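A closer look at the structure
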Protein chains: 2
Amino acid sequence: MDDWKQRLRTYADAAEAFLAEQFTDDLPQKRLFEAMRYSLLAGGKRIRPVLTVEFCRVCGGDWRQAVPFGCALEMIHTYSLIHDDLPCMDNDDYRRGKLTCHKVYGEAMAVLAGDALLTAAFETAAGAGAPAEMTVAVLRMLSACAGELGMVGGQVLDLEGERLEPDAAYIHRLQELKTGALLKAACQMGVLAAGGSQEQLRAAADYARAIGLAFQTQDDILDVEGDFEKLGKRVGMDEKKNTFVRLYGLARCHEIVREQTDAAIAALSPFADRAFLTELANYLAGRES
Amino acid sequence: MDDWKQRLRTYADAAEAFLAEQFTDDLPQKRLFEAMRYSLLAGGKRIRPVLTVEFCRVCGGDWRQAVPFGCALEMIHTYSLIHDDLPCMDNDDYRRGKLTCHKVYGEAMAVLAGDALLTAAFETAAGAGAPAEMTVAVLRMLSACAGELGMVGGQVLDLEGERLEPDAAYIHRLQELKTGALLKAACQMGVLAAGGSQEQLRAAADYARAIGLAFQTQDDILDVEGDFEKLGKRVGMDEKKNTFVRLYGLARCHEIVREQTDAAIAALSPFADRAFLTELANYLAGRES
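Model, not experiment: these values are computed from the prediction. (Residues numbered from 1 in each chain as written. Chains lettered and ligands numbered in written order. Predicted model: local features only at pLDDT ≥ 70, side-chain atom pairs only at ≥ 80, totals over all residues. Heavy atoms only, no water.)

At the junction of the two partners, chain A supplies 48 residues and chain B supplies 48 residues. Our enumeration of links across chain A and chain B arrives at 2 salt bridges. Taking the shortest distance from any N to any O, the salt bridge between R31(A) and E160(B) comes out at 3.9 Å. On the surface where chain A and chain B come into contact, there are 4 residue pairs in polar contact (both at pLDDT 80 or more). The set of elements that each furnish at least two residues to the side of chain A that touches chain B consists of α2 (30-40), α4 (67-84), α6 (107-126), α7 (132-146) and α8 (151-161) of chain A. Tallying contributions element by element places α6(A) first for the side of chain A that touches chain B, with 13 residues. Across the side of chain A that touches chain B, the residue classes tally to 30 nonpolar, 9 polar and 9 charged. (Contact = heavy atoms within 4.5 Å. Salt bridge = Lys/Arg side-chain N within 4 Å of Asp/Glu carboxyl O. Polar contact = N/O pair within 3.5 Å; in protein donor to acceptor, adjacent residues only side chain to side chain. Helix = DSSP H or I, 4+ residues; strand = E, 2+ residues; numbered from the N terminus. Nonpolar A, V, L, I, M, F, W, Y, C, P; charged D, E, K, R; others polar.)

A word on the relation of the copies chain A and chain B. For the match of chain A to chain B, the screw axis carries a shift of 0.0 Å, the RMSD comes to 0.0 Å, and the turn is 180 degrees. This pairing of chains is accounted for by a two-fold axis. Minimal C-alpha distance to the rotation axis in chain A is attained by A132(A), lying at 2.7 Å. Residue by residue, 100% of the interface of chain A is reproduced at the interface of chain B, so both copies engage with the same surface. (Least-squares fit on C-alpha atoms with pLDDT ≥ 70 in both.)

To continue, consider the confidence of the model for chain A. Model confidence for chain A is summarised by a mean pLDDT of 94, while 95% of its residues fall at 70 or above. On the interface metric, ipTM, the complex scores 0.95, and its pTM is 0.95. (pLDDT = per-residue confidence, 0-100.)

All names here are of chain A. Between helix α3 (residues 47-58) and helix α14 (residues 275-286), the least distance of the axes is 11 Å, while the angle of their chain directions is 160 degrees. Here α3 lies roughly antiparallel to α14, going by the angle between them. The element α3 and its partner α14 pack so that their crossing is left-handed. Across the interface between the two elements, I47, V50, L51, E54, F55 and V58 from α3 touch F276, L277, L280 and L284 from α14. Taken together, the residues of the contact of α3 with α14 sort by class into 9 nonpolar, no polar and 1 charged. (Axes fitted to C-alpha atoms, helices over the stretch in contact; angles between N-to-C directions. Parallel < 35°, antiparallel > 145°, perpendicular 65-115°, else oblique. Left-handed = near helix turned anticlockwise from the far one by under 90°.)

What follows is about a nonpolar patch on the surface. A contiguous nonpolar surface patch, about 230 Å² in accessible area, is contributed by Y94(A), L99(A) and V104(A). Relative to the elements of secondary structure, L99(A) occurs in strand β2 (residues 98-99). (Patch = residues over 30% accessible without salt bridge, like charges linked within 9 Å, V, L, I, M, F, W, Y side chains within 5 Å. Areas by Shrake-Rupley, 256 points an atom, 1.4 Å probe, with all protein chains shown as cover.)

We now examine unusual backbone geometry. Backbone geometry at R46(A) places phi at a positive 60 degrees, although glycine is not the residue there. The residue R46(A) is located in the loop between α2 and α3 in this model. The class of R46(A) is buried, set by a relative accessible area of 1%. With a phi close to 60 degrees, F23(B) is a non-glycine residue in the positive phi region. As for its placement among the helices and strands, F23(B) is situated in the loop between α1 (3-20) and α2 (30-40). (Buried < 20%, exposed > 50% of the residue type's maximum accessible area, 1.4 Å probe, protein only.)

In structure tokens form, the structure reads like this:
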């Protein structure tokens, strides 16, 4: 196996192990824990924790100390998927090839499982044992990226955009918030966890912005070209308005994925050891699920 | 006006003013901000911020510095009401005499407004400008009280209890988590904000536990005896299983309110200046809404 794939596996396994230890108490509300774990351990790619720990490492930190921060982001990502899949939102029955949380546990429990995962993200980051100043900086970033000026703000633009005829600026803003904000925080929290420089924070943001745009564009492409078997969810949802494919067409979207992947790699110049993040950007651009 | 009522007004006004400044940006997602403010500024009693700032004051702190912490709790309280009122949960159309958030803004927006308020609570506490060690202690308490071992855990017990024949231990546990956890955090965060002692933290927890039990019992009494005009919400929901009235009957419930109020007042002995918290406990026991 390639070196970088070995590292990817190591990071993803560390995140998986950390997450697998959560919410296991034998308490009367254990059905809530089950619902949280059902979605949290449904086999995501763990891209956000991987980014956090690698940015920590390339900034000279001990990557293991960044695992809880990355996993906090993964909890936020998971809660957003649970709520997004609800009947009053996207009304999806499948996610990663499994029934969605509300299909298994009911809507009320799915709402609460999402709420609890969001809350647990902050508890996890606050309780990671990092120095207090660093913890506060991480928590400020975590809350800012996830909230009304970040991910949730983007979900609202998505919701409202379905009624409108959104222009390019609107859709770029939507993507920047809905998927970009968490990726940016994933990269920057790694820099914070290593006590990195302002220059490194900026470079992490640039890398995140570019892979975020490539990632979302690839998502939109797969929504048209992908297949259910590989994706584990519905495809051909091309009636959706807020997509890059609708805005630019498929051919141009493939170019955007390539351009933004190159831009992401170029943003890595302040880091001496950039092989992994380079390979990761290329891998994300070529993924089929 | 009594001294203590003047102080209650001062605290509630300070919380109201702080909350009124939030989520006012003119951005494309401003309908989200509207939905958040609609529920956040719907005229609650602001009991949680009042408790936080007063416990800060009686422990020798500057109460104004505790306002953001108290308001963070109020955001969590508000989000929990928005999600609780959803059709898949309690399906309530009215709250405090106004249409519920989802009746005005739709279900999807109400889910997101709740998510954003929960997230904003952590952002508010993390960004309050308190010393880093204190901020981390507050955030750990805030996330613990709100999550799967606190408030959300209690909501799940409530949900599951509707299917069961819950016993006294179950209903007490439910109340302790669903409404007690946030009240305990409200009192203890005030102590933390003043750098108070372990003894003061314990006394704050004892006071909170007792007023919480009195408060919930009074709530259950009002659900049977109250009227829509004063409560601003449906009454006579006595088919609900998880209530103290169902468990103990009305007469015993009135006694419990009195006993627990006395217990709350007794818990205040470590504090020299306990007039306000004494009056507040009595006021909560006698409230009609």
